[in-house]
Amino acid sequence: MAGSSLHRALGLTDDEAVAIERLLERAPNALELAMYAVMWSEHCSYKSSRIHLGRLPSDGERVLVGPGENAGVIDVGDGIAAAIRIESHNHPSAIEPYQGAATGAGGILRDIFTMGARPIALMDALRVGPLDDARNRWVLEGVVSGISGYGNSVGVPTVGGEVVCDATYTGNPLVNVACLGLLPVERLVLGQASGVGNLAVLLGSATGRDGIGGVSVLASAGFGGDGAEAGQGGEGEAKRPSVQIGDPFEEKRLIEACLALLDAGLVVGIQDLGGAGLTCATSETASRGGVGMDVDVSAVPRREPGMDPYEVMTSESQERMLAIVTPDNLDEVLAVCEHWEVRAAVVGEVTGEGGRLRILDGPGGAVLADVPAASLHDDAPRYDRPRAAPRRVAVAVPPADAGAAGADLLGLLGDTAWVSSQYDSQLFLNTVEGPGGDAAVLRLRHPVSGQDTGRALALTTDGNHRWCALDPRRGTAMVVAEAPLNLACAGAYPLALVDCLNFGNPEHPEVMWQLSECIDGMAEACRALGIPVVGGNVSLYNENRGADIDPTPVVTLLGMIDRLDRRPPGVSLVSGGPVFLLGPRSHDLGGSRWAAQRSGGRPSGELPALDLARHSAVCTLVRELVADGVAAGVHDVADGGLATCLGELVARSGVGLRLSELDADELFAEAASRVVVCAPPGTDPAEMEGRALAAGVALAHLGEAGGDRLVVDGLVDLTVASVTRAWRDTLPRALGSPLPPPALLAIP
């Protein structure tokens, strides 16, 4: 086997091929080898990261389901549970942006309703190369169209996210999609098979050749010299057939059919078909239940003729689920599926054959494959790959130029409404705060009765590659810390976090060092802030032409507002309101976007210190100010520093600012634990000072909102119209899209 080229073509190493022979005590046949190849791929097995992920804290009093299942599940009270998950579809989106992103959205939806939850919200974190490149524009436009086309059609609102354009993502964009769902606690179901004699029923779309090799060819290898250059006959064109094809209308029917089956108690276990297709769904459900399974490959509905068994077993065709049902319930299951016009076919049977997964050619037919079900993932290799800190030449950050502060501020602004306006964020009519703010806010209603609980859930998605490139541990801790501060700006406290760890080639020791440091930084921050990590995703081999992307951990944090009796203040100013800075003053430009723009686009300097105890105090104070109605407007200071924070406050509200006691460095520093608060007009500054003093939080009275100019004494003097224009026009201009009429520029 070690000398064969087949296993290498399937993405297995020589050592892995030998390990498979030892497990089976014989040489595997071609079908068995293909099954091991997809299940032992980096994407499915986490073979390079699993030994590190165990360091993340995952326990909490509200946690019902932690890492290892299709989604994390949190008890949010009133008999309601929330399921949350984040996934990546980076490599498929580089090859075919529309379908890559669309099927990423479809896959994350299935992860949620597999748990018995109805999906209620999506968030997306998108990262592409600079938009002065035509291909990067094509990627972003295709990705946004794919997510909007799928999410809008399937009926799930996209309520927020991020858009980042940086050279590190040229040729290897990042498309991370998170989903939140709700379920009655009693409807929670896990992806496992049980009961010898029970039936495996395949629901949804017919199986085709799309997506074959998706996890082993695309998601578990980097792009070579022509890796992502579509239309040039290179590697990108060759990998295009590996991208799945989505059908959101089939997904919508599948959601309704599966939830109806679960409500009726007709399903013993259920599992979606994503990476590795039917091989993954059958082996995971069988091994989790400690049983075996016989699969009749000839019974799988197909949409293409002449498909070989290995194609059927490894296809990643979308909109498919595997349900485990008792024979007595089969007729009812088929009737429910017929009602929702969802295809259903019995393709297997639960057995007690020592936990073996057998692939048969027809009932009682020839055995095409026979492997221990658990060996396909439990026995996958776990690598402790070499780690080494990369050599980094320290780049000193020059002091900010006070004379250019106004122009520099305008250059940092960029509204993402071009993206979010293509998404329907109001589906279900639960969205209180949608895209563009610090956090999305959704009314919490019972998922079956629709009864309003008077409470709300909040969601935020955050990442910052510059911070993590300079110092993966502290940078990741800063990313994690930003998330609860965003929730606090909406009046919410954190419940649980999911992460998407986007890194380069794990065979490079520097990348594995970055990943390990990132996990330690996340663990430290989550423990200090009391946040459990209930699930996530690791995406490796994000590289192009031999260059790894900057380490990019992305986190999605779920939070709770205990009493939703008013809309959160949002990113806004009220004329006549005093403006305060909560948190420590900082002049440290290390890791800032301003500094990167002066270093050829590369991160530079040293990251500012992070005091997590102080950060927690700031979060608590901000949350209390919002809950008490003391904040008329609020915005955290993060990417772009105070300059971006102030510019966005002005642009979104159409109200000016006059501030003092700031210098140029302080305007662009990105130190953590800082929030700008606009209090209602007439607020006594002494009241704010007293609350901050009691909370142990530094406070500075910067000035007052009002007028038609943004003025920072001695640094900035800009009209509100010019700030709004720079903010709103940046992305449409870069994409060549029509700009808003001038008359609209002053409207918040």
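Rules used throughout
Residues numbered from 1 in each chain as written. Predicted model: local features only at pLDDT ≥ 70, side-chain atom pairs only at ≥ 80, totals over all residues. Heavy atoms only, no water. Helix = DSSP H or I, 4+ residues; strand = E, 2+ residues; numbered from the N terminus. Buried < 20%, exposed > 50% of the residue type's maximum accessible area, 1.4 Å probe, protein only. Contact = heavy atoms within 4.5 Å. Pairing = 2+ DSSP bridges. Axes fitted to C-alpha atoms, helices over the stretch in contact; angles between N-to-C directions. Expected span 1.5 Å × (residues − 1). Disulfide = S-S within 2.5 Å. Phe/Tyr/Trp six-rings, centres within 6.5 Å; stacked < 30°, edge-to-face > 60°.

### Regarding unusual backbone geometry
Even without being a glycine, Tyr46 presents a positive backbone phi close to 55°. Even without being glycine, Glu341 reaches a positive phi, approximately 55°. Inspection of the secondary structure assignment puts Glu341 in the loop between helix H14 (330-339) and strand E11 (344-351).

### Notes on the environment of Gly629
Its location among the elements puts Gly629 in the loop between helix H21 (612-627) and strand E23 (633-636). According to the relative accessible area criterion, Gly629 is partly exposed, its value standing at 30%. Between the C-alpha atoms of Gly629 and Pro680, which are 51 residues apart in sequence, the distance is 8.7 Å. Once residues lying within four places of it in the same chain are set aside, the contact partners of Gly629 are Arg566 and Pro680.

### Some details on the sheet that holds strand E9 (residues 292-296)
The strand order E8-E10-E7-E11-E9-E12-E13 describes an open sheet built from seven strands, whose pairing is mixed. Because the sheet does not close on itself, it has two edges, and the strands there are strand E8 (269-272) and strand E13 (366-372). Taking each pair of neighbouring strands and ignoring which way they run, the sheet shows an average axis angle of 25°. Here E9 runs beside strand E12 (residues 356-361); their pairing, made up of four bridges, is parallel. If you follow Val295 over to E12, its bridge partner there is Ile359. Together, E12 and E13 form the strand contacts of helix H3 (residues 30-39), whose direction differs from that of E13 by roughly 35°.

### Considering the environment of Val697
On the secondary structure map, Val697 appears in the loop between helix H24 (685-695) and strand E26 (699-705). Sequence separation between Val697 and Ala617 is 80 residues; the distance between their C-alpha atoms is 6.7 Å. When residues no more than four places from it in sequence are discounted, the contact partners of Val697 are Leu582, Gly583, Ala617, Val618, Leu621 and Ala692.

### Things to note about the pairing of strand E15 (residues 440-445)
Note on strand geometry: in a regular strand, side chains alternate between the two faces of the sheet. Bridge analysis of strand E14 (residues 431-433) against E15 gives two bridges, and the strand direction is antiparallel. Looking at E15, one finds that Glu433 is bridged to Val441. Where E14 folds back onto E15 in an antiparallel hairpin, the turn is made up of six residues, including Gly436, whose phi is positive at roughly 110°. Remark: six residues form the turn of the hairpin made by E15 and strand E16 (residues 452-463), two consecutive strands paired antiparallel; Gly450 in that turn has positive phi of roughly 80°.

### Concerning helix H18 (residues 472-489)
Over its 18 residues, H18 runs 26 Å from end to end, which matches the ideal 26 Å to within 8%, given 1.5 Å per residue. Following H18 by one or two positions, Gly491 adopts a phi angle in the positive range, close to 85°.

### A short note on the state of the cysteines
Under the counting rule described, the total for this entry stands at zero disulfides. Left without a disulfide partner, Cys468 is nearest to the cysteine sulfur of Cys518, which lies 6.3 Å away. Counting only cysteine sulfurs, Cys518 is the nearest neighbor of Cys500, a cysteine outside any disulfide, at a range of 11 Å.

### With respect to the packing of aromatic side chains
Applying the stated criterion to the full structure yields two aromatic pairs. Taking 5.3 Å as the distance between ring centres and 80° as the angle between the ring planes, the aromatic pair formed by Tyr36 and Trp40 counts as edge-to-face. Each member of the pair, Tyr36 together with Trp40, is buried. With a centroid separation of 5.7 Å and an interplanar angle of 25°, the aromatic rings of Trp594 and Phe668 are classed as stacked. Here Phe668 lies in helix H23 (residues 664-668) and Trp594 lies in helix H20 (residues 593-597), a separation of 74 residues in the sequence. Overall, the relative accessible area of 2% leaves Trp594 in the buried class. Judged by its relative accessible area of 0%, Phe668 is buried.

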